[in-house]
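# Inside the fold
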Amino acid sequence: LDARVDAGARQLERSPQKRIGVQAETQPDLVVLVLAALRARRILVPLSTRWPRAMLDHAIANLNLTVLITDGGEVEGTGILSLQDLAQPDDIQCPVADLQLDVPCTIIHTSGSTGVPKAALHTVGNHIASAKGLLRRFPLGPGDRWLLNLPLYHVGGLAVVIRCALAGATMGLPERGMSMAKAFQTLQPTHASLVSTQLIRLLDENVELAS
């Protein structure tokens, strides 16, 4: 993972653009990109895969995104990078700089449930403080596995990545289209983020949950 993150960070550093847009489904390559952007001190702008084209075009223009990383397809007016080709490891390694908490890190859009989604800027410190606050209440460490069942264009999904990186824990990524019950049976997570409806459904299906 470290080698792939390092390779991805070097590629991002070659771009003069500080804001890097990405529109992709949750997958291991996207987790690599999140950590690579953090290492390269680029501002990652995850864009919802559910947005209609008009909303995507508005966000690209509003944030002046000239680089967009995707897992397929092209978007007019942006330079396209392939998510899968971004972080192929090689033998070159670069020193990892200390993280500065006040450095801008992500721009994440609100859900838009009360209107047009609004772009919110977060710093490295915002994400780390959120992760540490949760880790004080929920023990997490090596040997644990958090189910990454939330999209990474939501702050809740990004929070799973950051907290697992800080704690040295594993992330379990369900395959696309996999049901929640199947994800629990296959990946056997020790931790997960669920709304009450999801939990009730799992219990009704007699899915065995880790204690």
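Summary of the structure given here.

Analysis parameters
- Residues numbered from 1 in each chain as written.
- Predicted model: local features only at pLDDT ≥ 70, side-chain atom pairs only at ≥ 80, totals over all residues.
- Heavy atoms only, no water.
- Helix = DSSP H or I, 4+ residues; strand = E, 2+ residues; numbered from the N terminus.
- Buried < 20%, exposed > 50% of the residue type's maximum accessible area, 1.4 Å probe, protein only.
- Contact = heavy atoms within 4.5 Å.
- Areas by Shrake-Rupley, 256 points an atom, 1.4 Å probe, with all protein chains shown as cover.
- Pairing = 2+ DSSP bridges.
- Axes fitted to C-alpha atoms, helices over the stretch in contact; angles between N-to-C directions.
- Parallel < 35°, antiparallel > 145°, perpendicular 65-115°, else oblique.
- Left-handed = near helix turned anticlockwise from the far one by under 90°.
- Nonpolar A, V, L, I, M, F, W, Y, C, P; charged D, E, K, R; others polar.
- Core = buried A, V, L, I, M, F, W, Y, C linked by side-chain atoms within 4.5 Å.
- Polar contact = N/O pair within 3.5 Å; in protein donor to acceptor, adjacent residues only side chain to side chain.
- Salt bridge = Lys/Arg side-chain N within 4 Å of Asp/Glu carboxyl O.

Each helix and strand counted, the chain has 8 helices and 9 strands in total. Every one of the 211 residues in the chain was classed for burial, and the buried ones make up 42%. Taking as baseline every contact in the chain between residues at least 6 positions apart, the subset at least 24 positions apart corresponds to 64%. In the structure as shown, the chain presents an accessible area of about 11,700 Å², 52% of it carried by carbon and sulfur atoms.

The next thing to look at is the sheet that holds strand β7 (residues 145-147). Spatially, the 3 strands line up as an open sheet ordered β8-β7-β9, and their pairing is parallel. A strand with exactly one partner marks an edge of an open sheet, and here the two such strands are β8 (170-172) and β9 (191-192). Across the sheet, helix α6 (residues 155-167) touches β7 and β8, and the angle it forms with β8 is around 150 degrees.

Moving on, we come to the packing of helix α2 (residues 28-40) against α6. The angle between the axes and the distance between the axes are what describe a pair of packed helices. The contact between α2 and α6 brings their axes to 11 Å, and the two run at 70 degrees. Judged on the interaxial angle alone, α6 and α2 are roughly perpendicular. Viewed along their axes, α2 and α6 form a crossing whose handedness is right-handed. Along the contact surface, α2 presents V31, V34 and L35, while α6 presents L158, V161 and A165. Its residues placed into classes, the contact of α2 with α6 shows 6 nonpolar, no polar and no charged.

Let us now look at the nonpolar core. The tendency in soluble globular proteins is for nonpolar side chains to be buried side by side. Formed by 31 residues in total, the largest nonpolar core has its most connected members in L12, L33, I69 and L152. It is α2 that provides the largest number of residues to this core, a total of 9 residues. Ranked by size, the runner-up nonpolar core spans 11 residues in total, among them V45, L47, L56 and I60.

Moving on to the side chain of S48. Residue placement: S48 occurs in the loop between β2 (43-46) and α3 (53-62). In terms of polar contacts, S48 uses its side chain to reach the backbone amide nitrogen of R50, at 3.0 Å. Beyond its immediate sequence surroundings of up to four residues, S48 is in contact with Q23 and Y153.

Okay, the pattern of salt bridges next. Side-chain pairs of opposite charge can arise where the charged atoms are in close proximity. Counted under the stated rule, the structure contains 6 salt bridges. Where R4 meets D29, a salt bridge forms, and the shortest distance between an N and an O atom there is 2.6 Å. One end of the pair, R4, is in helix α1 (residues 2-13); the other, D29, is in helix α2, and 25 residues separate them in sequence. Note on D29: relative accessible area 16%, which makes it buried. Across the pair R176 and D71 runs a salt bridge whose closest N-O atoms are separated by 3.7 Å. You can see R176 sitting in the loop between β8 and α7 (180-187) and its partner D71 sitting in the loop between β3 (67-70) and β4 (79-82), a full 105 residues away along the chain. On the accessibility criterion, R176 (65% relative accessible area) is exposed.

Next up on the list: unusual backbone geometry. Despite not being glycine, N64 shows a phi value in the positive range, around 55 degrees. Mapped onto the elements of the fold, N64 is located in the loop between α3 and β3. Residue classification places N64 among the exposed positions, given a relative accessible area of 55%.

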